[in-house]
Amino acid sequence: MANHDINLTVRTGTVHALMGENGAGKSTLMKILYGMQKPDEGTITINGEQVEFATPGDAITRGIGMVHQHFMLADNLTVLENVVLGSEKLYGIGARAKAKIKEISDQYGLGVRPDALVEDLGVADRQRVEILKVLYRGARILILDEPTAVLVPQEVDALFDNLRDLKSEGVTVIFISHKLHEVLSVADAISVIRRGTTVGDADPGSVTARELAELMVGSELPSPESRESTVTDVEMLKVEGLRIAKADAEGIERVVLDDVSLTIRKGEILGVAGVEGNGQAELVEAIMGMLPLDAGTVVLDGQDLTGKLTRARREAGIGYVPEDRHRHGLLLEAPLWENRILGHVTETPNSKGFVLDPAAARRDTERIVREYDVRTPGIEVTAASLSGGNQQKLIVGREMSHNPKLLIAAHPTRGVDVGAQAQIWGQIRAAQQEGLAVLLISADLDELIGLSDTIRVIYRGRLVADADPATVTAEDLGTAMTGAAAGRIESADEALAEAAVVAEAAAVVEDAAAAEAAVAAEGAAVTEAAAVTEDAGTAEAAVAAEGAAVTEGAAATAAVTEDAVVAEDVPGEDATTTDTAGDDAQAGE
Amino acid sequence: MTTSTEPSPGLGLGGAPRRGRFQRIDRERLLLAIAAPVLAVVIAFAISSLLLAISGKDPFQAFSLMGNYGLGTSDGQVAVLNKATTYYIAGVAVAFGFRMNLFNIGADGQYRLAALFAAFVGGAVNLPSFIEIPLVLITAMLVGGLWAAIAGVLKVTRGVSEVISTIMLNAITTGVIGLLLVPGRFVPSVGGGGSSNSVQTKMMAPSSDFFTLNTQGGQLYGFIIVAVLIGVLFQLVLSRTRFGFDLRATGRSEEAAGASGVNVKRMVLTSMCISGALAGLIGMPDLLSADTGHYFGQSFQAGVGFTGIAIALLGRNTPVGIAFAALLWAFLDATNGQLSTNNYPPEIANVMQGTIVICVVVAYELVRRFGLKRQQQKVGAQLAAQAAAAAKKEVAA
C-alpha cells in the first residue's frame, strides 16, 4: 500500500504515537523514515536540516533507530555480542563496549545484563535489548513498531515507564500502534493514518478512545437504511463449538478460538467486529479448512464439512476473499487468467475432467474483467502489475463466478481505493439479494454497520457480544471490541440520533486540537477541547461508565501534556518533519 | 474543464491497440527469457578463453577442436546426442521438483539405486523384449520413486528440508549399493557375467536390448525417443492438467495454493515421487544398451543426477530449455576428450560448465526482477493515463 500526502511533525523529547489500522500505511511511512524505502516525493527534515536516506545506515548516522516488531537478535549470542554486532567500530567488542552498555542501561533504567544469553531472555527483556541496541548506535529518535503487540499488560506498563525515562533524557520516540488505550496513556501527541494518508492529529489530553477509533476507521457510511432485509429463515452456515489452540513461538499454548458458534442464514450478512488478532483470521481459516480444529463442527447448507479438505469446501460452495490477497488470494507472478483458475481448478469453465481448459478460462477472465471493471491492459499481464483495488475486484469476480452459497469476505475493501470499495460493496449486496450468505470480517466499523444484518464481536477468540447494526453506533461497537461490553449491545436511541452530533463534536475536537497546536502553550485551549469531548460523551448514556473512565484518564493526561508543552518552549522544537507523497497508481508492493 | 472526447487508451475489450500491446509485452518476455542463458554462456566462454590465454593456449583453437568434433563429425554428433539423452532425463527429473519449489538434490542416489535394482531384476528373468524392457523400466521408476518418497515423507510429516534429506539419501545410497553389490546378494556367487575381477550384477538377456538407430557415427540410443516423449508429457501435464496447475500454483506460492484448495502435503509427496521415478530412468539408456552394459557394476556412471540440477537450472525448467541445456552440456562433456588428446587442459570444459551455472542463476534472478518491475511500471503507466482520462470525463460530466 502506498502513501500519499503524509504530513508528520514530531517534537523533540516527546512520545509521538502513529495510529492506524493494519494496512493503513504506517509501515511504509516508517520504512521511508528509516531509509528502507525511498519516497517518490516529499522531504524529511531533522532538527531543521533536510535529509535524504538511501539506506538504514544513513538513518542511523542521523540518529534514527528502529525497533522492529519482530526482534532481530541472534539467540545463541550474548546481549553484549548482539549489541556490538555490526557496530564493532563504536566501542570495540570488549570491556569498553560492556561499560557503554551498562551506562546506557542505567541511564534509561533498562536493566539490561550484557552477559546474559539472549535465548534465556523473555520477550520484554529482548525488546529492551533491541532498544538498547539502537541507543548504543547513538539514536536520538526511536521508532517502535507495534512494541506492545508481543507483551503482556504488566510488561506494557514497564515498557511505558522506559519510554518516559527515555523521553525525560531528551530522546524522541515514535510509537506505532493501533491500541487506543495504550496510545492515550503514553503518547504526548497522536497522528492518525488512514488509507495511506494522515487524516488528523489528536491531543491525547483531550481526545477520547472513541474519537480516536473514529479517526482511524473513517466515517464514510454506506447508507444502511436504504435497503430492505433479504434475510431468510434457511440456515446456510452453521458453525458450532469451534476451538483451536496454537502453540506460539515460545511454546506456550494459546487458545485462539474458544467455543465459537454462529449461524448465517441465506441472504444474510454476518459481520464480525474485533480488534485485529483476536481470532478473526483463525475463524476464517477454520471454516475454510486451512487450520485443523481441536473441536467443533462446520455445516454448510446441511452438508457437514468438518474434516473436509479446503478443496471440497470450496466445491461445496464457499467463496473466499482472503484478508491478505498477496499471500492467499493470488499468484502474483502468474497471468490474470491463471489467477482466475486459482481456487476453482476443478470447476467449469476452468477444466473438463482432469484436463484444463485454458481457452474457456481465458474467455471467462475477459468476462470478469469486463463485468467487475478490473482495470488492466489485458488478461496476460501478471497479477502483480495490477493495483490493489483491481486485484481485489478480480478476486471478488472470481469468487462470485461459481455461484457460492457462502462468501467469506475478510477485509474485502482494505487497501482498496474508494471507487473500487463502492463497487465491491455493491457486488456483495447484489449477491446477498440472490440468497448469498456472507461472513464479513472487517476492521472498518462503518463497513460492518453499513453492510451487515447482524454483528458479532470477537474478543480474545470468543464471540462476546452481538448487535443489530440498525441500533448500534460505531463508538459502542468499538467499546465492545476492547472487551468492555458483553451480551447484546444496544445504543440508546438518543445516542444514535446523536451520532451525527458526535461526529460534529469530534470535528470540533480536531479543530480545537489544531488550534492548540498552533498556539502551542495555550492551556486554555486544551481544557476547552476536553469540555467539548465530555459533553459528547455524556450524550451517550449507554456507555457512560466506560466513557467516564476514559474521559477522566484523558483529563489527567491533559495536565501532563500542558506541562510538557510549557517545558518544551525551548528552541529546537521540531525533531522530524516529513512531507511525503507517493503515487498509488501502482500496487504489487 | 472542457468536455473530453478522447477515448481511454486501449483499455476496452478487444480492439487493435490492445492486441498490439500484448504482442509487445510477450515479445519482450521472450527476449528476456532467452537473454539470461545466452548471456551466461557468452560470459562462460569469455572466462574460459581468458583462462586458456593465460595458460598460454590459443582459446579459439581449443574451441574449434571441440566444435569440429562435436558438430562436425558423425562420431561426435552421436556421442553428444547419446549423452544428451541421459542428461535430458536427468534435467527433467530435477525440473519437475523445481517447478514446485522442491529441490530434489537426490536424483543422483535415486537413479543409481534404481539402476541397481533394475539390473538385478532384469538379470534374474529372461523374458521376451516387450515384457522384459517394461519390467526393467517400471522397476527403475518404482525404486527411484520410493527412494525419493522417503524425503517426501520426512518433509511432510517432520518438516525436514528435502535439500538436506536428499543429500543424506545420496550418501546412504552409496552405502546401500556397497551392501547389496556383493557376491551372494545382487552379484552372482560364482562366475556370473563379465570379467572375473569386477563385481557386477548378472548380465541381462539380449532381449533387454533397447532398439538403437544405426548411424554413420555408431549406435544412437533409441531412448532418445523416450526422452522426447518424456519432455512432451512433462509439458502437457504441467500446462494442461489440473494436477499440473496445482503443482505450478504450489511452486509459485504455497500459501495461496493451500488457500485455493491444493492439498500441499499430498502435492509434495506426489511430486517428490514423480521426480524420483523420472530420476529412476536416468540410468536406463546405459543399462538397456548392448554397447555399455546390461549389468550394474562399480563402474556404472555416477553423478548424472547433479548434472541434471545444472541442466534444469540452465533450461529454466522448461522442456525445450532443458533440451538445449542437455545438448550444450553433452557437447562440453563429449568433446573435452579432444582437448586432452591435443594437449589442451580438458578441465576447461568443467570451468565452462561451472561458470555457466553460476552466471545463469544470477542472470535469471536479475532478469526475473527486471521483467516483473518493468511490467508493473508499464501497466501502472497505462492505467494512470486511463485514470487521468476518466477523471477528466468525470469532472466534465
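Since the model is a prediction, treat every value here as computed from it, not as a measurement.

Enquirer: Account for the overall build of chain A, with residues named and values stated.
Expert: A count of helices and strands for chain A gives 21 helices and 23 strands. Restricting to contacts in chain A with at least 6 residues of sequence separation, those with at least 24 account for 72%.

Enquirer: So, the domain arrangement of chain B: which residues are in play, and what are the values?
Expert: Residue and element names in this part refer to chain B. Here chain B is partitioned into domain 1 (18-57 + 352-397) and domain 2 (68-344). On a C-alpha basis, the centres of domain 1 and domain 2 stand 33 Å from each other. Every contact between the two is made by nine residues of domain 1 and, on the other side, seven residues of domain 2. Elements represented by at least two residues in the side of domain 1 that touches domain 2 include exactly α1 (16-54) and α14 (347-396).

Enquirer: A description of the sheet that holds strand β22 (residues 487-489) of chain A should follow, citing residues and the corresponding values.
Expert: Residues and elements named next belong to chain A. Taken together, the seven strands give an open sheet; going across it, the order is β15-β18-β19-β12-β20-β21-β22, and neighbouring strands pair in mixed fashion. Edge positions in the open sheet fall to β15 (318-321) and β22, since each of these has one partner strand only. Direction aside, the axes of adjacent strands within the sheet are offset by 25 degrees on average. Here helix α10 (residues 280-288) sits on the sheet in contact with β12 (269-273), β15, β18 (406-410), β19 (437-441) and β20 (454-459), set at roughly 150 degrees to β18.

Enquirer: Break down the confidence of the model for chain A for me, citing the residues and quoting the values.
Expert: Residue and element names in this part refer to chain A. With 78% of its residues at a pLDDT of 70 or more, chain A shows a mean pLDDT of 77. Confidence over residues 220-226 falls short of pLDDT 50; this stretch has 10 contacts with residues more than four positions distant or in other chains. Residue range residues 500-589 is modelled with pLDDT below 50. Its contacts to residues more than four positions away, or to other chains, number 168 contacts.

Enquirer: I'd love a proper account of the sheet that holds strand β8 (residues 189-194) of chain A, names of residues and values included.
Expert: All names here are of chain A. With respect to topology, six strands assemble into an open sheet ordered β5-β6-β7-β2-β8-β9, the strand pairing being mixed. At either end of the open sheet lies a strand with only one pairing partner, and these are β5 (64-67) and β9 (197-202). The mean angle between the axes of side-by-side strands here comes to 20 degrees, regardless of whether they run parallel or antiparallel. In this sheet, strand β7 (residues 172-177) lies alongside strand β2 (residues 15-19) in parallel orientation, the contact comprising five bridges. Residue Val15 lies in a different strand from β7, and its bridge partner there is Val173. Helix-sheet contacts for helix α1 (residues 26-33) involve β2, β5, β6 (141-145), β7 and β8, and the interaxial angle to β6 is about 150 degrees. Across the sheet, helix α6 (residues 123-136) is in contact with β5 and β6; its angle to β5 comes to roughly 165 degrees.

Enquirer: Report on unusual backbone geometry, specifying residues and quantitative values.
Expert: Residues and elements named next belong to chain A. The omega torsion across Thr348 and Pro349 is 5 degrees, close enough to zero to call that bond cis. In this structure, Pro349 sits in the loop between α13 (336-341) and β16 (351-352). In this model, Asn403 sits at a positive phi of 45 degrees, which is unusual for a non-glycine residue. Inspection of the secondary structure assignment puts Asn403 in the loop between α15 (388-400) and β18. Assessed through the 12 C-beta atoms surrounding it within 10 Å, Asn403 is described here as exposed. You will see that His411, though not glycine, has its phi angle at about 45 degrees, which is positive. Checked against the element boundaries, His411 lands in the loop between β18 and α16 (418-433).

Enquirer: Outline the environment of Gln280 of chain A, supporting the account with residue identities and numerical values.
Expert: All names here are of chain A. Along the chain, Gln280 falls in helix α10. For Gln280, a count of 22 C-beta atoms within 10 Å puts it in the buried group. Along the primary structure Gln280 and Arg462 are separated by 182 residues, whereas in three dimensions their C-alpha atoms are 9.7 Å apart. Beyond its immediate chain neighbours, meaning those up to four positions away, Gln280 contacts Val272, Gly274, Ile441 and Ile458.

Enquirer: Summarise the pairing of strand β3 (residues 41-46) of chain A; cite the residues concerned and give the values.
Expert: Residue and element names in this part refer to chain A. Sheet topology note: the β3/strand β4 (residues 49-51) ladder contains three bridges and is antiparallel. Bridged to Ile44 within β4 is Val51. In this antiparallel pair of consecutive strands, β3 and β4, the connection spans two residues, and Asn47 shows a positive phi of 50 degrees.

Enquirer: Tell me about the interface of chain A and chain B, and name the residues and values.
Expert: Facing 40 residues of chain A, the contacting portion of chain B comprises 33 residues. Sorting the residues of the side of chain A that touches chain B by element identifies α11 (310-315), α12 (325-329), β17 (355-356) and α14 (358-371) of chain A as the ones contributing at least two each. Of the residues that constitute the side of chain A that touches chain B, the class distribution is 19 nonpolar, 13 polar and eight charged.

Enquirer: Describe the domain arrangement of chain A, listing the residues and the values that go with them.
Expert: With domains assigned, chain A is organised as domain 1 (6-220 + 569-581), domain 2 (230-327 + 404-452) and domain 3 (494-561). Here the C-alpha centre of domain 2 of chain A lies 35 Å away from the C-alpha centre of domain 1 of chain A.

Enquirer: Account for the confidence of the model for chain B, naming residues and giving values.
Expert: All names here are of chain B. With 89% of its residues at a pLDDT of at least 70, chain B reaches an overall mean of 85. Taken together, the stretch residues 1-23 has pLDDT below 50 and engages in 31 contacts with residues farther than four places along the chain or on a different chain. With a pTM of 0.71, the predicted complex shows an ipTM of 0.83.

Enquirer: Go over the packing of helix α3 (residues 74-98) of chain B against helix α13 (residues 319-341) of chain B, please, and point to the residues and values.
Expert: Residue and element names in this part refer to chain B. Two elements in contact, α3 and α13, have axes whose closest approach is 7 Å; the angle formed by their N-to-C orientations is 135 degrees. Overall, the two elements α3 and α13 adopt an arrangement that is oblique. Note that α3 runs across α13; the crossing there is right-handed. Along the contact surface, α3 presents Gly76, Ala79, Val80, Lys83, Ala84, Tyr87, Tyr88, Gly91, Val92 and Ala95, while α13 presents Pro319, Ile322, Ala323, Ala325, Ala326, Leu327, Trp329, Ala330, Phe331, Asp333, Ala334 and Thr335.

Enquirer: Quick rundown of the environment of Leu394 of chain A? Include the residues and the values.
Expert: All names here are of chain A. Along the chain, Leu394 turns up in helix α15. When the C-alpha atoms of Leu394 and Gly63 are compared, they prove to be 44 Å apart, with 331 residues separating the residues in sequence. Contacts of Leu394, omitting those with residues within four sequence positions, involve Leu336, Asn339, Ile368 and Val374.

Enquirer: Go over the packing of helix α5 (residues 129-158) of chain B against helix α6 (residues 162-180) of chain B, please, and point to the residues and values.
Expert: Residues and elements named next belong to chain B. Axis separation between α5 and α6 bottoms out at 9 Å; the angle between their running directions is 145 degrees. Considering the relative orientation of α5 and α6, their crossing is right-handed. Residues Trp147, Ile150, Ala151, Leu154 and Lys155 of α5 form the contact with α6, whose own contacting residues are Glu162, Ser165, Thr166 and Leu169. Its residues assigned to classes, the contact of α5 with α6 comprises five nonpolar, two polar and two charged.

Enquirer: Please set out α6 of chain B residue by residue, giving values where relevant.
Expert: All names here are of chain B. Taking 1.5 Å of rise per residue, 19 residues should cover 27 Å, and α6 covers 25 Å from first to last C-alpha, within 8% of that figure. Turning to α6, its buried residues are Glu162, Ser165, Thr166, Leu169, Asn170 and Thr173. Packed against the buried residues of α6 are α4 (107-124), α5 and α10 (264-280).

Enquirer: Residue-level account of the pairing of strand β1 (residues 212-215) of chain B, with values.
Expert: Looking along a regular strand, one sees side chains alternate from face to face of the sheet. Residues and elements named next belong to chain B. Relative to strand β2 (residues 218-221), β1 is paired through four bridges, and the arrangement is antiparallel. The residue of β2 that forms the bridge with Thr212 is Tyr221. In this antiparallel pair of consecutive strands, β1 and β2, the connection spans two residues.

Enquirer: I'd like a rundown of the environment of Glu52 of chain A, residues and numbers included.
Expert: Of note, Glu52 of chain A is situated in the loop between β4 and α2 (56-61). Taking C-alpha positions, Glu52 of chain A is 8.7 Å from Lys38 of chain A, a pair spaced 14 residues apart along the chain.

Enquirer: Now, about helix α2 (residues 59-72) of chain B: what can you tell me, with residues and values included?
Expert: Residue and element names in this part refer to chain B. For α2, built from 14 residues, the straight-helix expectation of 20 Å at 1.5 Å per residue is met to within 8% by its first-to-last C-alpha distance of 18 Å. Of the positions making up α2, those classed as buried are Ala62, Met66, Tyr69 and Gly70. Relative to the axis of α2, the buried residues are bounded by an arc of 90 degrees and lie together on one face. Residues of α2 that are exposed and point more than 90 degrees away from the buried face comprise Phe60, Gln61, Ser64, Leu71 and Gly72.

What counts and how
- Residues numbered from 1 in each chain as written.
- Chains lettered and ligands numbered in written order.
- Predicted model: local features only at pLDDT ≥ 70, side-chain atom pairs only at ≥ 80, totals over all residues.
- Helix = DSSP H or I, 4+ residues; strand = E, 2+ residues; numbered from the N terminus.
- Contact = placed C-beta atoms within 7 Å.
- Domains from an automatic or database assignment.
- Pairing = 2+ DSSP bridges.
- Axes fitted to C-alpha atoms, helices over the stretch in contact; angles between N-to-C directions.
- pLDDT = per-residue confidence, 0-100.
- Buried ≥ 20, exposed ≤ 12 C-beta atoms within 10 Å, placed from the backbone.
- Nonpolar A, V, L, I, M, F, W, Y, C, P; charged D, E, K, R; others polar.
- Parallel < 35°, antiparallel > 145°, perpendicular 65-115°, else oblique.
- Left-handed = near helix turned anticlockwise from the far one by under 90°.
- Expected span 1.5 Å × (residues − 1).
- Arc of directions from axis to C-beta.

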